[in-house]
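Topology and contacts: notes
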Amino acid sequence: MLLIADHAGNLVPRSLRQLGLPQSELDRHIGIDIGVLGVCRALSEILRATLIHQRYSRLVIDCNRHPQDDSAFAAVSDQTPVPGNEGLTVTDAARRITEIFMPYHAAINRELDRRASAKRLTALIAMHSFTPHHNVLKAARPWPVAVLFNRDTRIADLLIRGLRDEAGLNVGVNEPYKVDDESDYAVPVHGEQRGVPVVEIEIRQDLIATVEGQKKWAALLAPLLHRSVDEVLGGP
């Protein structure tokens, strides 16, 4: 398995002066997928899987969006204005694409190319986290975990079954978001366009806000992922 985390960090290049935001905003879900890096590191250790993660905040550039899409440079996120993204020039956007977006995705491409050259079967696991409530819609999100997919449902179908039947969890299916070619990048580009089995996992942030919670969820997911991926790839 290759684990990736597009929103694992909340760094901002010094020249952008925190995008005009206090650190408290960058530490919120608008700046980072809370808890996901800890889960990924624990999963990587259990599964002996390579992890590639983004260190920079999604507010600098969202690395799970096509860079030509306006949502890649959010001027407002969850009702919070982002001054550093207002009136962004083409030159400034291009610099972020060149210095942050492209190196991250190039690293993923290199790893997938290396495995393909070695004829090594690979599954791509995209890790994210989501808030317990949608502040704009004023709606609760009851799922502790969600499994997302676009066209490729191979891993997703098995993983959903395992999470429901074995772990007894209320699993969100393509919740709280849907994956598609227009708004998403990692699943359609690195997974489906290459023919690499791919799935996206979202964990609710209140459950992985602590190290203990991150380790617990990694331990829960690891065997289910291992079995699901083995079945899809025809492993032992």
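Here, the structure is the one placed above.
Every value quoted in this text rests on a predicted model; they were computed, and no experiment measured them.

What follows is about the sheet that holds strand S10 (residues 198-204). Read from one edge to the other, the open sheet built from six strands follows the order S2-S1-S5-S10-S8-S9, with strand pairing classed as mixed. One side of each edge strand has no neighbouring strand; the edge strands of this open sheet are strand S2 (50-53) and strand S9 (171-173). In this sheet, adjacent strand axes meet at a mean angle of 25° when their direction is disregarded. As defined by bridge partners, strand S8 (residues 145-148) adjoins S10 across four bridges and the pair is classed as antiparallel. Note on S10: the bridge partner recorded for Ala-146 is Glu-202. The strands that helix H6 (residues 211-233) touches are strand S5 (124-130), S8 and S10; relative to S10, the one it contacts most, it runs at about 160°.

Let's shift gears to unusual backbone geometry. If a residue is not glycine, its phi is most likely negative; likewise, a peptide bond is most likely trans. Looking along the chain, the bond that leaves Glu-175 and enters Pro-176 is cis, with omega of -10°. For Pro-176, the location among the structural elements is in the loop between S9 and helix H5 (186-192). Notably, Asp-78 is not glycine yet its phi reads approximately 50°, a positive angle. Checked against the element boundaries, Asp-78 lands in the loop between strand S3 (76-77) and strand S4 (80-81).

About the criteria used
All chains use their own residue numbering, which begins from 1 and follows the written sequence. Reporting in this predicted model follows two pLDDT cut-offs: at least 70 for local features of residues, and 80 or more for side-chain atom pairs to be given and counted; totals over whole chains, interfaces and linings ignore these cut-offs and use all residues. Just so you know, side-chain values use all the structure's heavy atoms and leave hydrogens and water out. We treat two strands as partners when DSSP finds at least two bridges between them. Note on conventions: DSSP H or I runs of at least 4 residues are helices, E runs of at least 2 residues are strands, and numbering of each starts at the N terminus. To get an axis, fit a line to the C-alpha atoms, keeping to the stretch in contact for a helix; angles then go from 0 to 180 degrees between the N-to-C directions. In what follows, residue pairs with any heavy atoms lying within 4.5 Å of each other are defined as contacts.

Remember, this is a structural readout, not a statement about activity or role.
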